[in-house]
Amino acid sequence: MKKHLITALSAAGIVALAAAQSEAREYKIGFIGPMSGGAAQLGQQMERGARLYMKLHPNELGGNTVKMIVRDSKRPGGPIAKAAAQELITREKVELITGLIFSPNAMSVAPLATKAKVPVVIMNAGTAFIPNMSPYMVRVSFTMWQAGFIMGQHAAGKLGCKTAVSGYTNYPPGKDSIAAFRKGFEASGGKIVDEIPMGSPAKVPDFTPFFQRTKSKKPNCLYVFVPAGNHASAVAKTYQSLAMRKAGIALVGPGDITQDTQLQGMGSAAVGVVTAHHYHMFLKSKENQGFLKAWKAEYGKNSVPDFVGVGGYDGMAAVYAAIKASNGGRITADGAMKTLRGWKFNSPRGPISIDAETRDIVQNVYISVVRQSGGKLVQEVQQKFDAVKDKCKELKLGKCGKKLY
Ligand code: PHB
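Thresholds applied
Starting from 1, residues in each chain are numbered consecutively following that chain's sequence as written. Thresholds applied to this predicted model are a pLDDT of at least 70 for local features of residues and 80 or more for the giving and counting of side-chain atom pairs; totals over whole chains, interfaces and linings are not thresholded and use all residues. For the side-chain quantities, the full set of heavy atoms in the structure was used; hydrogens and water were omitted. The buried label goes to any residue with under 20% of its type's maximum accessible area, the exposed label to any with over 50%, and the partly exposed label to all in between, with areas taken from a 1.4 Å probe on protein chains only. Going along the chain from the N terminus, every DSSP run of H or I of four or more residues is numbered as a helix, and every run of E of two or more is numbered as a strand. Two strands make a pair as long as DSSP finds a minimum of two bridges between them. Site definitions follow a grid-based scheme: protein atoms alone, a 1 Å grid, a 1.4 Å probe that fits but cannot get out for cavities, and for pockets an open set with protein on both sides within 12 Å along at least five of seven lines, plus lining residues having an atom within 4 Å of a point. Grid points are joined across faces, edges and corners, and a volume is the space filled by probe spheres set on the points. Here the nonpolar group is Ala, Val, Leu, Ile, Met, Phe, Trp, Tyr, Cys and Pro; Asp, Glu, Lys and Arg are the charged ones; every other residue, Gly included, is treated as polar. Lines fitted to C-alpha atoms define the axes here, with helix axes fitted over just the stretch in contact, and angles between the N-to-C directions of these axes take values from 0 to 180 degrees. By the convention used here, residues are in contact when the closest approach between their heavy atoms is within 4.5 Å. To be near a molecule or strand, a residue needs just one of its heavy atoms within 4 Å of it. N or O atoms within 3.5 Å of each other form a polar contact, as long as, within protein, one can give a hydrogen and the other can take it, and as long as residues adjacent in sequence are counted only when both atoms are side-chain atoms. Here the Shrake-Rupley method, with its probe set to 1.4 Å, supplies the accessible areas, and only the displayed protein chains count as covering residues. Angles are sorted into four bins: roughly parallel if under 35 degrees, roughly antiparallel if over 145, roughly perpendicular if 65 to 115, and oblique for all others. Here a crossing is taken to be left-handed if its near helix is turned anticlockwise relative to the far helix by less than a right angle, and right-handed if that turn runs clockwise. Disulfides are defined as cysteine sulfur pairs within 2.5 Å. What we call a nonpolar core is a set of buried Ala, Val, Leu, Ile, Met, Phe, Trp, Tyr and Cys residues that are connected through their side-chain atoms within 4.5 Å. Note on aromatic contacts: the rings of Phe and Tyr and the six-membered ring of Trp form a pair at centre separations within 6.5 Å, being stacked when their planes are under 30 degrees apart, edge-to-face when over 60 apart, and tilted otherwise. Positive charges come from Lys and Arg, negative ones from Asp and Glu, while His and the chain ends are left out of the count. Whenever Lys or Arg places a side-chain nitrogen within 4 Å of a carboxyl oxygen from Asp or Glu, that contact is recorded as a salt bridge.

## What about the pairing of strand β12 (residues 350-354)?
Where burial is concerned, most of β12 is hidden: 4 out of the 5 residues are buried. Judged from the 4 bridges that link them, strand β11 (residues 344-347) and β12 form a sheet pairing that is antiparallel. Each residue of the ladder has a partner; that of Phe345, found in β12, is Ile352. In textbook terms, the turn of a hairpin is the stretch between consecutive antiparallel strands, and for β11 and β12 this stretch comprises 2 residues. Between β12 and strand β13 (residues 361-373), which follow one another and run antiparallel, lie 6 residues, and Arg359 among them has a positive phi close to 60°.

Printed below as a string of structure tokens:
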């Protein structure tokens with residue numbers, strides 16, 4: 001009698017389990033980005049990239065679906081993003097948080113991810129040490145060191161700049177970017193003659209006094225980091241209005257200063273600017289051509305993706321990988337990290353992977369130059385570096401060499 005009961009109960013259990021597994025599940029994901037204010041265009045790019053991935057992969061999760069709950073971080077500073085993450089975790093009970101354009105926002109979310117054990121997939125924020133701030137963060141975008149260090153080497157080694165001035169938006173990724181440039185530039189024999197803080201990410205400053213100070217130092221190269229968005233065209237225009245190219249000062253930087261969605265608005269001021277970056281829309285690969293076509297079909301023929309959009313697209317690919325690995329159950333932070341450490345993807349930017357040890361992105365970096373072609377500005381790849389890791393963590397520099405949780 002007892003044996004029959006046990007058999008019947010376990011049969012019922014198996015039926016219940018099978019039913020649970022075949023039942024479609026909705027995965028709630030929190031997405032934090034600037035959706036209003038001066039950086040709203042960035043939030044829109046990132047969300048468009050994420051939603052394009054979802055649209056193009058309707059069957060990847062079997063019958064399961066994703067509900068992406070968008071929250072506005074408004075400003076580059078951290079408190080609004082932190083409150084949004086708190087609300088997403090406690091009230092919405094999201095299983096994962098993604099998005100995050102600005103470094104201070106990603107940093108403010110890190111302790112919550114650790115405490116609540118909620119995995120975070122960073123789609124943009126680039127300060128190198130951010131993944132060290134929580135065991136539950138992975139980054140699919142870039143680190144400031146990937147472009148900065150390579151640009152430093154290139155400026156001294158290939159462009160022949162003996163001296164350089166760096167100008168940077170004065171917050172963590174800006175400081176990181178010029179530190180990376182300095183390291184690469186000096187290692188290749190260059191000398192930095194000035195480093196100029198140029199205001200905050202929240203407001204586009206008048207670059208004239210900074211560039212006048214640069215001009216007075218007569219460097220061969222001016223390396224500039226400003227965050228994606230409205231700053232870059234003001235940089236190009238001030239560089240031109242002060243006739244700095246004619247004065248023999250080459251403008252170089254990470255690809256943030258030639259962001260595709262800003263490029264055409266820069267006009268002839270941008271021609272000749274040399275950048276190092278992991279993506280621009282002119283990459284010729286089959287994956288990128290397919291991505292561009294899908295983007296335009298979805299968002300209109302005048303809409304273009306840029307590196308922020310690709311961060312959203314690839315970030316969502318990583319989120320889908322974490323969902324698939326959860327086997328129809330709730331995503332766990334440990335499960336997501338196990339899946340994403342070593343994760344690989346064929347991105348529009350080229351092959352990418354997540355370093356199993358640092359949880360940070362490994363990807364190609366392209367040296368490109370802006371040229372005029374058929375009345376438009378284009379970016380032409382001159383050199384490619386394969387599978388670049390974050391130099392700051394490789395060299396264990398400062399916070400990059402520490403566990404920060
Ligand atoms: C950042 O805040 O980490 C950040 C924002 C925009 C960029 C790059 C880095 O273009």
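## Here's the deal with the layout of surface pockets
As a volume, the largest pocket reaches approximately 380 Å³. For the largest pocket, the lining is made up of 20 residues, of which Asn132, Glu357, Thr358, Lys393 and Cys400 are closest to its centre. Residue assignment for the lining of the largest pocket shows that the elements contributing at least two residues are β13 and α13 (391-394). Residue composition of the lining of the largest pocket, grouped by class: 5 nonpolar, 3 polar and 12 charged.

## Comments concerning the sheet that holds strand β3 (residues 96-99)
On the basis of which strands lie adjacent, the open sheet formed by 5 strands has the order β2-β1-β3-β4-β5 and parallel pairing. This sheet does not close on itself; its edge strands, each paired only once, are β2 (65-72) and β5 (137-139). Taken pair by pair, the neighbouring strands of this sheet meet at an average axis angle of 25°, ignoring direction. Note that β3 and strand β4 (residues 120-122) share 3 bridges and pair parallel. Opposite Gly99, over in β4, you have Ile122 as the bridge partner. Lying on the sheet, helix α2 (residues 40-56) is in contact with β1 (26-33), β2 and β3; it crosses β2 at an angle near 180°.

## Brief notes about the site of the ligand
Taken together, 14 residues sit near the ligand, with Ser103, Gly126, Tyr171, Ala228 and Asp256 positioned nearest. Between Gly126 and the ligand, the recorded distance is 2.8 Å, taken from a backbone N or O atom to an oxygen atom. The separation between an oxygen atom of the ligand and a polar side-chain atom of Tyr171 is 2.8 Å. About the coverage of the ligand: the protein hides 100% of its 280 Å² of free accessible area. By residue class, the composition of the shell around the ligand is 10 nonpolar, 3 polar and 1 charged.

## A short note on the packing of helix α3 (residues 79-90) against helix α4 (residues 103-116)
Put simply, α3 and α4 touch, their axes get as near as 8 Å, and they point 30° apart. When the axis of α3 is compared with that of α4, the two are roughly parallel. Handedness of the α3/α4 crossing: right-handed. Across from Ala81, Lys82, Ala85, Gln86 and Ile89 in α3, the residues of α4 making contact are Asn105, Ser108, Val109, Leu112 and Ala116.

## A short note on the state of the cysteines
All chains considered together, the criterion is met by 2 disulfides. With its sulfur 2.2 Å from that of its partner, Cys161 forms a disulfide with Cys221. Here the disulfide of Cys161 and Cys221 is right-handed, its torsion about the S-S bond being about 60°. Of this pair, Cys161 sits in the loop between α5 (144-157) and β6 (163-168) while Cys221 sits in strand β8 (residues 221-225), and the two are 60 residues apart along the sequence.

## Brief notes about the nonpolar core
Counting 84 residues, the largest nonpolar core has Phe211, Val224, Met316 and Trp343 as its most contacted members. When residues of this core are assigned to their parent elements, the largest contribution, 12 residues, is made by helix α11 (residues 307-325). Beyond its immediate sequence surroundings of up to four residues, Trp343 is in contact with Val140, Asp314, Ala317, Ala318, Ala321, Ile352, Ser353 and Ile354. Listed in part, the 31 residues of the second largest apolar core include Ala85, Ala110, Val118 and Ile130.

## Here's the deal with the packing of aromatic side chains
Evaluation of the coordinates by the stated rule reveals 13 aromatic pairs. Considering the side-chain rings of Tyr53 and Phe345, the 6.2 Å spacing of their centres and the 65° angle between planes classify their relative orientation as edge-to-face. Of this pair, Tyr53 sits in helix α2 while Phe345 sits in strand β11, and the two are 292 residues apart along the sequence. Between Phe181 and Phe185, the aromatic rings sit 5.2 Å apart at their centres with planes inclined by 15°, giving stacked as the arrangement. Highlighted residues: Phe181 and Phe185, both in helix α6 (residues 172-187), separated by 4 residues, approximately one helical turn.

## A few points about the environment of Val120
Take Val120: it is sitting in strand β4. Residues Val120 and Tyr299, spaced 179 residues apart in sequence, show a C-alpha to C-alpha distance of 27 Å. Here Val120 is in contact with Ile97, Leu100, Val109, Ala113, Tyr136, Met137 and Val138, once residues within four sequence places are set aside.

## Some points on the side chain of Asp256
Mapped onto the fold, Asp256 is located in the loop between β9 (250-254) and α9 (260-263). One buried charged residue, Asp256, forms no salt bridge at all, with the nearest opposite charge on Arg139 at 11 Å. A polar contact of 3.3 Å, which involves the side chain of Asp256, links it to the side chain of His277. When neighbours within four sequence positions are excluded, Asp256 is seen to be in contact with Phe225, Val226, Ala228, Ala232, His277 and Phe307.

## Details of unusual backbone geometry
The backbone phi angle of Ala243 is positive, close to 50°, even though this residue is not glycine. As for its position among the elements, Ala243 is in the loop between α8 (231-241) and β9. The backbone of Arg359 sits at a positive phi, close to 60°, despite the residue not being glycine. Among the residues examined, Arg359 registers a relative accessible area of 6% and is labelled buried.

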